[in-house]
Structure formats: structure tokens, C-alpha cells
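Structural characterization, general
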Amino acid sequence: MDSSDKLKRAEAIRERLRSAPVRRRTRSHARLIRTILLGTVAVALAIAWLADAYGVEMEELLGALTASVGFVGIFAVLAMLVGLLLGLGRSILVRRRRINRAPP
């Protein structure tokens, strides 16, 4: 596929997303959130079942689950902070470019 074809295709996708009704996008987000939550519950139940099958104490299991949730949470927060910093840096660079391009 040629790079110009890729750009045209990407622009067509962006245009479809922009013109999509907000309600449809909201339903899509709701489905994604529901899928993530149901997957999380299923994994937690599977881990609890395996821990019971192998004789792991519930306190030890809860401690491990708490540590893993904390670990994932820390990295999620770090990812959001890096995203915010990159967005801020990008907006600063765009402003500087606009100022430098302005005719005297």
C-alpha cells in the first residue's frame, strides 16, 4: 500500500469517527468498560479458585492481589502523567512555532 493511500484511508477513518453520533461512541465506550470489568471479575474468580485448589491461604492471596493492583495502578498513573507531559510539551512547541512563523 502506498503512503498516500494510507494517508487517505486514515483521513477517511478520522472523518467517519468525527461524523459518528456521540451516542454510538458512548455505547462503544460503555461496552469496553463492561468488558474490562467482567474480564477482571472472571480473572479474580479464577485466581481465587486456583488458590483454593492449591491450598493457598486467603490472606496471602488478598495480599498478592493488593500488591498487583497497586503495581498496575502506579504504572497507570505514571503513564497518564507522561501522556500529560508529552501533550503539554507538544502544545508548547506548537505555540512557539506559531510565534516564530508570525510575520514581523
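Residues numbered from 1 in each chain as written. Predicted model: local features only at pLDDT ≥ 70, side-chain atom pairs only at ≥ 80, totals over all residues. Heavy atoms only, no water.

**Some words on the overall build of the protein chain**
In plain terms, the rule: The helix count covers DSSP runs of H or I at least four residues long, the strand count covers runs of E at least two residues long, and both are numbered beginning at the N terminus. C-alpha atoms define the radius of gyration, and 2.2 Å times the number of residues to the power 0.38 defines the globule rule.
A count of helical and extended segments in the protein chain gives three helices and zero strands. Listing the helices and strands of the protein chain from first to last along the sequence gives α-α-α. Taken against the 2.2 N^0.38 rule, which gives 13 Å for 104 residues, the C-alpha radius of gyration of the protein chain at 23 Å runs more than 25% over that of a compact globule. Projected onto its principal axes, the C-alpha positions of the protein chain cover 75 × 30 × 30 Å.

**Quick word on the environment of Gly-39**
Definition in use: Relative accessibility decides the category of a residue: with a 1.4 Å probe and only protein chains considered, values under 20% of the type maximum give buried, values over 50% give exposed, and everything between is partly exposed.
With respect to the helices, strands and loops of the structure, Gly-39 is situated in helix 2 (residues 22-53). Judged by relative accessible area, Gly-39 falls into the partly exposed class, the value being 33%. Along the sequence, Gly-39 and Arg-101 sit 62 residues apart, while their C-alpha atoms lie 50 Å from each other.

**So, the pattern of salt bridges**
Threshold: Salt-bridge detection follows one rule: a side-chain nitrogen of Lys or Arg within 4 Å of a carboxyl oxygen of Asp or Glu.
All chains considered together, the criterion is met by one salt bridge. A salt bridge links Glu-11 to Arg-14; the shortest N-O distance between them is 3.3 Å. Of the two residues, Glu-11 and Arg-14 are both situated in helix 1 (residues 3-19); the distance of three residues between them amounts to about one turn of the helix.

**What about the confidence of the model for the protein chain?**
Our working definition: Here pLDDT means the predictor's own confidence in every residue, given as a number from 0 to 100.
Mean pLDDT for the protein chain: 85, with 90% of residues reaching 70 or above. Helix 3 (residues 58-101) holds the highest mean pLDDT among the elements of the protein chain, 90, whereas helix 1 holds the lowest, 81.

**Concerning the environment of Val-94**
Looking at where Val-94 falls in the secondary structure, it is placed in helix 3. Of the residues examined, Val-94 reaches a relative accessible area of 30% and is grouped as partly exposed. Residues Val-94 and Ala-42, 52 residues apart in the sequence, show an inter-C-alpha distance of 45 Å.

**Focus on a nonpolar patch on the surface**
Short version of the rule: A patch is a set of surface residues, each over 30% in relative accessible area and not in a salt bridge, joined within 9 Å for like charges and within 5 Å for the nonpolar side chains Val, Leu, Ile, Met, Phe, Trp and Tyr. Under the convention used here, a 1.4 Å probe and the Shrake-Rupley method define accessible areas, while residue burial counts only the protein chains that appear.
A contiguous nonpolar patch, built from Phe-71, Val-72, Ile-74, Phe-75, Val-77, Leu-78, Met-80, Leu-81 and Leu-84 and spanning about 940 Å² of accessible area, is present on the exposed surface. Looking at the element boundaries, Val-72 is found in helix 3. You can call Val-72 exposed: its relative accessible area is 56%.

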